[in-house]
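Here are the chains, one letter per residue:
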Amino acid sequence: MSVLIKGGLIVTSTESYKADLLIEGEKITTIGTNLTCQADEVVDARGKYILPGAIDPHTHLCMPFMGTYAQDDYKSGTIAAACGGVTTIVDFQIQHKGESILQGLERKKALATGNVVVDYSLHPAITDPRPEVIEEVKAAIQDYGTPSFKIFMVYDFRVDDGVMVQLLEQTKKYGGLVQVHAENPFIIQHMNEVLAAEGKLDPYYHAVSRPNIAEEEAIARAAKLVEFTDSRLYVVHLSSREGLEKIKEFRKRGIEIYAETCPQYLLLDEERYKEPDFNGAKYVMSPPLRTKESNEALWSGLSSGDVQVLSTDHCPFDFKGKKDMFGKDDYKKIPNGAPGIETLMTLLHSEGVVKGRLSLERMVDVLSTSTAKMFGLKDKGAIAVGKDADIVVFDPEQKFTISQSKLHMNVDYNPYEGVEIAGMPHQVFSRGLKVAEWRKDQVVFVGEVGRGKFIKRAPFV
Ligand code: URP
Ligand code: ZN
Ligand code: ZN
C-alpha cells in the first residue's frame, strides 16, 4: 500500500516547509516537491500540517488503582489515542509483589496483544525492589527493550532513597533512565492529619494536602541523589513553578535532570476543585492542579526547553459511580487520575501554538521528536525518510468543541468539556495505515484492532 500526501506543510522540530511525502508500506520513503509517483491513495493536504504522530510516554491503561481500575483498556485507550493523533504510547507496567520485571511485562503485553491499534511500549515501574529485580534492570535495558524505569516517592508502593540510589547506578551503568513521581509523602501525611482534624475533607483539600513544596522537596532530594551517583533522572508530570525552578537550578549546575509536564498542569488550576456538586472530584489527580502562576511557569519552561516532553498521565475514572462514590466523604479516597490522551495534540495546538505560547516546531518537539529521543524510539518521532509512517495530517482551521460524546476515551466526563478548539487531526496514519480521520463533526477510528505492535526501545544515549 502506498500513499502520496501532496502540498502540505511538513513540520519538524526545527523547521517547516511545503513538500509532498510518499509512504510505501510502513515507512516514509520520499519527501520532495511536485512528486508525480503513482500511489494507491493520494491525499490533498493543501492548507494542512504534516506532523509526526504524537508519542504519549505516560499512560495508565487497565491499571488497578485505589480500589478500582483505570478504565481505558488497550483497545479503547489506543483508539482514543489514534483519534487524537497519538501514534505511539509508552504505558506503565506497575510491578506486582513477587513479580520479576519480565513477568510484569508479559502480563501487560498479554492485555495489549490483539487489542492495541497503534504501537506501544512499556516502562517497568519498580515497586518491589528485591535484589534480583535490581539485577534484572540490565536485562530490561539490553534484552527486553524497556530502558526506562518508574519509581514513586509517594503512595503505598513507593520506594525509599536507598532503592533510588541503586536504580540510578544500575541505569547509569547500562544506559537506562529512572523516571520519578516526586512528592514528599510525609508532608502529605501531615497535611492529611491536620485537615482531617479540622473536618476539611472536600475535593479542594486534595490540593491543600499536597502543597507545591512537597513536589519541590522531592525533586531536590532526587536531584541530589542524581548528583551523588552522577546519573540522570526524568521527572514525570511536573506540576509546580517551584519544582521547575529546582530542576533549572540543578541543570545549571550540570546535573542531568529532565522533565515532562501535562496539559492539565498548563491549562487548569486549583479553582476547579471548588466546582459545585462534587464536580471538583473530576480533577483529583496527583500531583494536584496548582495556581495560574505555576501554569504560566510551565508554559514558559515548555517553550524554552527546560521541560522537554508533554505527556498526558492518562488515567481515567468515571465521575458517576467512582469519583463521586469512593470519595464522597473524603478527598483521600477519590481515585486519582483524569482522561487526556485524545486531547493532547489538539489542546497543545489550540492553547499553545494558536495563542502564541510556543512555536509549531516546538510543539512537534515536545509531542514527538524529543520524546522519541528520550525514550529510545528510534523509528518514531519525526517526518524524515526511513522513519515509520506515523503521520498526522492536521487541519489547523478545523473547529471543534470538546465534548466527551464526540471522543473515544472510556469515561463519562472530560475536564475540558465545552472548550472551543482550533485545529484537529484530519487523517492519522500508523505505520502507513490510516487509523483515524475527520468525518463531518468529529474524528472517527478507521484502523484495525490488534495491528499495533510492541516496540523494543534502544538504551538511553
Ligand atoms: O493521579 C494520578 N496521576 N494518577 C495516576 C498515577 C500517577 O501517579 O501517575
Ligand atoms: Zn505519578
Ligand atoms: Zn501517571
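All chains use their own residue numbering, which begins from 1 and follows the written sequence. Ligands are numbered from 1 and chains lettered from A, in the order in which they are written. Side-chain atom pairs in this predicted model are given and counted only at pLDDT of 80 or more, local residue features only at pLDDT of at least 70, and totals for whole chains, interfaces and linings cover all residues. Hydrogen atoms and water are omitted, and side-chain values are computed over all heavy atoms in the structure.

S.K.: Can you lay out helix α4 (residues 161-174) for me, pointing to particular residues and giving the numbers?
M.R.: Secondary structure elements are taken from DSSP: a helix is a run of H or I of four residues or more, a strand is a run of E of two residues or more, and numbering for both begins at the N terminus. Take the number of residues in a helix, subtract one, and multiply by 1.5 Å to get its expected span. Taking 1.5 Å per residue as the helical rise, α4 with its 14 residues ought to reach 20 Å, and the 20 Å between its terminal C-alpha atoms agrees with that figure. Within the span of α4, buried status applies to V163, M164, V165, L167, L168, Q170 and T171. Contacts were defined at the residue level, with two residues in contact if any of their heavy atoms lie within 4.5 Å. The inward-facing, buried residues of α4 abut α3 (131-142), β11 (148-152), β12 (177-181), α7 (212-229) and β13 (232-235). Identification of polar contacts relies on pairs of N or O atoms within 3.5 Å, with a donor-acceptor requirement for protein atoms, meaning one able to donate a hydrogen and the other able to accept it, and with residues adjacent in sequence counted only if both atoms are side-chain atoms. The N-terminus of α4 is capped by D160, whose side-chain oxygen sits 3.1 Å from the backbone nitrogen of G162. Within two residues after α4, G175 carries a phi angle of roughly 90°, on the positive side. Buried, partly exposed and exposed residues are distinguished by accessible area as a fraction of the type maximum, computed with a 1.4 Å probe on protein chains only: under 20%, between the cut-offs, and over 50%, respectively.

S.K.: Give me the coordination of the zinc ion (ligand 2): which residues, what numbers.
M.R.: Here a donor is an N, O or S atom found within 2.8 Å of the metal, or within 3.2 Å if the metal is Na, K or Ca; sites may look incomplete because water is not among the atoms. At the metal site, the zinc ion (ligand 2) is ligated by H181 (ND1) and H237 (NE2), and these contacts range over 2.1 Å. Here the zinc ion (ligand 2) is ringed by 4 donor atoms whose angles at the metal span 56 to 146°, and the overall shape comes out irregular. Separating the zinc ion (ligand 2) and the zinc ion (ligand 3) is a distance of 3.7 Å. Here H181 is found in strand β12, whereas its partner H237 is found in the loop between β13 and α8 (241-252), with 56 residues between them in sequence. You can call H181 buried: its relative accessible area is 1%. Overall, H237 belongs to the buried group, its relative accessible area being 2%. Every geometry call rests on angle ranges, with four donors termed tetrahedral when all angles are between 85 and 135 degrees, four termed square planar and six termed octahedral when opposite donors are over 155 degrees apart and all others are between 65 and 115, and everything else termed irregular.

S.K.: Which residues make up the packing of aromatic side chains, and what values do they have?
M.R.: Describing an aromatic ring pair means giving the distance of the ring centres and the angle of the ring planes. To pair, rings of Phe, Tyr and Trp, with the six-membered ring standing in for Trp, must have centres within 6.5 Å; the planes then decide the type, stacked if under 30 degrees apart, edge-to-face if over 60, and tilted in the middle. In this structure the tally under the stated criterion is 12 aromatic pairs. Relative to Y155, the ring of F152 lies with its centre 5.6 Å away and its plane at 55°, an arrangement referred to as tilted. Judged on exposure class, the residue F152 and its partner Y155 are both buried. Relative to F460, the ring of Y258 has its centre 5.9 Å away and its plane inclined at 50°; by these criteria the two rings are tilted. Remark: F460 occurs in the segment after β19 (442-445) and Y258 occurs in strand β14 (residues 256-261); sequence separation between them is 202 residues. As far as burial versus exposure is concerned, Y258 and F460 are alike and both buried.

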